[in-house]
Amino acid sequence: MLGENPQTIRENAEILVEASRPIGLEVNPEKIKYMIMSRDQNIVRNGTIKIGDLSFEEVEKFKYLGATVTNLNDTREEIKRRINMGNACYYSVEKLLSSSLLSKSLKVRIYKTVILPVVLYGCETWTLSLREEQRLRVLENKVLRKIFGVKRDEVTEEWRKLHNAELHALYTSPDIIRNIKSRRLRWAGHVARMGESRNAYRVLVGRPEGKRPLGRPRRRWEDNIKMDLREVGYDVQFIFLEGTADYLAINHYTTWLVGSRPDEGNPSVFRDMGISIHGAKNWPKSNTSVWLSVRTLASTFSLNVQLQFEVFTLKVTPTGMRKLLNWIRQQYGDHWDIFITENGFADSGQLHDVERINYLAVYLVEILRAIHLDKSSVIGYTIWSLIDNFEWSYGYNDVCNGLLVSLTRFKPVFRQLTAQHIIRVKFLLKQLIFNFLSSKFGLYHVDFNDPQRTRTPKESSYFVRNLTRTRVIPDEFILADSVLQDQEKI
């Protein structure tokens, strides 16, 4: 809630309190604070605001959606806190990053999925000075040195740390500062395309009354954006980004429910946001479409070095597609065309793929409802994929070797296992291999054991062919979609 002065905030808060009571909601004064944002340190502070029997405390800073907001509108404290949290993540996985059991590519993946998201949470709103940029680079270089190890000097023949240039020659991804600039530009484009009716856009382009204080002006977020645009050869006001795209392309497979979670445990993006994601148990799911990640190498079998896998299934939630299309229309207005560039279902690769047919049909029903009932401008739809393919970076097979680590490196681990533990490990590995090797998205089956890669049409290919010929979705799928909508109500 924003206001020009405490009186405006008081009036708006009174309206909120009165509007909440008829619907059974109560305002919790322990969780609601207010803050006066000003660089004038001599400004009069009111202490608390009282509305009836409720008192709201004035604070100098508070955490909003996982990010620290201060009364000086200064992001330096938040950046410092993010760097400290990144260091905490680094030390929690330090043994993994230095382990000879894991490949360097896997260690880089751990850095990108465990450490980097924690450091860069909310970075789209940061205003970076050269000092903050240097501190962030120091953190990244420390992690990369742990990943890539040391190097024998060709002259002295002694082991030494890698120089910064050598580190970034090995680490081929964009560095942390380019990552921040990229995210910042995406956020600027997101807000600029919202239109004048949205509050975020109005706050961004608005000009507050008064003058900037004497002395060297602080670098503003808008100044960073202009510098970022000049780096990519786009020397214009970023507000003119509106209208510079022809259409908006989206990939959509599933939908998650979001719930609250306590601010405890190891640092993570979800902890910072204070949320957890899950799918309802009664939702249908894509049984073999799984994502695996290394969570920890401890305590699974009470040994020093083990693996623990985390599995996520993709739920079939067609109304999530319609809600997404509506969200886009509400965010950016009615004048944007939308192209659905990916939407598909994973199974074991069977030719009788009835589940894929049901998935495609009910999702198309919801897209049609978004077009005709909600007036969303959907101009295209593409199924992922035409054939079972070389899926992501994992290839056709040998997933354990390509995705995680070579099994041969775990011989020392297996020596520590009892017979019962070995059975459990083999079961986990079989499930891992089966799930990933059987994650097939195609309308045509591909025999990867055949050098010719023989292709055989699945039943879904005939369904899609008939759909494009008749341009009609059979009535039974419209009924099935209604059943799914009932299941999604929880």
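Points about the pairing of strand β8 (residues 248–251)
Phase 1 of the analysis: Where burial is concerned, the two faces of β8 differ: the one with L248 and I250 is buried and the one with A249 and N251 is not.
Phase 2 of the analysis: By the bridge criterion, four bridges tie β8 to strand β13 (residues 338–342) in an arrangement that is parallel. By the bridge assignment for β13, L248 is matched with I338.

Digging into the nonpolar core
Phase 1 of the analysis: By size, the foremost hydrophobic cluster in this structure holds 33 residues, and its most contacted members are L97, I115, L136, I147, F148 and I180.
Phase 2 of the analysis: Within the residue set of this core, elements represented by two or more residues are α2 (76–92), α3 (94–97), α4 (104–119), α5 (130–148) and α7 (176–192).
Phase 3 of the analysis: With near-sequence residues (within four places) excluded, L136 lies in contact with I83, V119, W126, L128, I176, I177 and I180.
Phase 4 of the analysis: Core analysis: the second largest hydrophobic core is formed by 31 residues, I328, F345, L364 and V378 among them.

Some remarks on the confidence of the model for the protein chain
Any residue range with low pLDDT should be treated as having predicted coordinates unsuitable for detailed reading.
Phase 1 of the analysis: On average, residues of the protein chain carry a pLDDT of 78, and 76% of them reach 70 or more.
Phase 2 of the analysis: Throughout residues 287–312 the model reports pLDDT below 50, and contacts reaching past four residues in sequence, or to other chains, amount to 68 contacts.
Phase 3 of the analysis: Residue range residues 393–414 is modelled with pLDDT below 50. Its contacts to residues more than four positions away, or to other chains, number 45 contacts.

A short note on the pattern of salt bridges
Phase 1 of the analysis: The full count for this structure, using the stated rule, is 21 salt bridges.
Phase 2 of the analysis: Linking R81 and E78 is a salt bridge whose minimum nitrogen-to-oxygen distance equals 3.2 Å. Of this pair, R81 and E78 both sit in helix α2, three residues apart, which is roughly one turn of the helix.
Phase 3 of the analysis: What makes E78 buried here is its relative accessible area of 3%.
Phase 4 of the analysis: In this structure, the salt-bridge partner of R356 is D353, at a minimum N-O distance of 2.8 Å.
Phase 5 of the analysis: The class for R356 is buried, based on a relative accessible area of 1%.
Phase 6 of the analysis: Residues joined by salt bridges that share partners form a network here, namely K151, D153, R160 and E166.

Section: the UniProt feature "active site" (unreviewed entry) in the protein chain
Phase 1 of the analysis: UniProt's entry tags E342 with the feature "active site" (unreviewed entry), counted in the numbering of this structure.
Phase 2 of the analysis: The contacts of E342, once residues within four sequence positions are left out, are I250, N251, H252, Y253, T382 and W384.

Overview of the packing of helix α12 (residues 354–372) against helix α16 (residues 459–470)
Phase 1 of the analysis: Two numbers describe how α12 lies on α16: the axes approach to 8 Å, and their chain directions differ by 30°. By the angle between their directions, the pair α12 and α16 is classed as roughly parallel. α16 is crossed by α12, and the crossing has right-handed handedness. Together, V354, R356, I357, L360, A361 and L364 of α12 and E459, S460, F463, V464 and L467 of α16 make up the contact between the two elements.

Focus on unusual backbone geometry
Phase 1 of the analysis: With an omega dihedral of 0°, the bond running from W384 to S385 counts as a cis peptide bond.
Phase 2 of the analysis: Note that S385 resides in the loop between β14 (378–381) and α13 (399–404).
Phase 3 of the analysis: Despite not being glycine, N73 shows a phi value in the positive range, around 55°.
Phase 4 of the analysis: Take N73: it is sitting in the loop between β5 (67–70) and α2.
Phase 5 of the analysis: On the basis of relative accessibility, which here comes to 57%, the residue N73 falls in the exposed class.

So, how was this worked out
- Residues numbered from 1 in each chain as written.
- Predicted model: local features only at pLDDT ≥ 70, side-chain atom pairs only at ≥ 80, totals over all residues.
- Heavy atoms only, no water.
- Buried < 20%, exposed > 50% of the residue type's maximum accessible area, 1.4 Å probe, protein only.
- Helix = DSSP H or I, 4+ residues; strand = E, 2+ residues; numbered from the N terminus.
- Pairing = 2+ DSSP bridges.
- Core = buried A, V, L, I, M, F, W, Y, C linked by side-chain atoms within 4.5 Å.
- Contact = heavy atoms within 4.5 Å.
- pLDDT = per-residue confidence, 0-100.
- Salt bridge = Lys/Arg side-chain N within 4 Å of Asp/Glu carboxyl O.
- UniProt positions renumbered as here; feature names shortened; annotations may be inferred.
- Axes fitted to C-alpha atoms, helices over the stretch in contact; angles between N-to-C directions.
- Parallel < 35°, antiparallel > 145°, perpendicular 65-115°, else oblique.
- Left-handed = near helix turned anticlockwise from the far one by under 90°.

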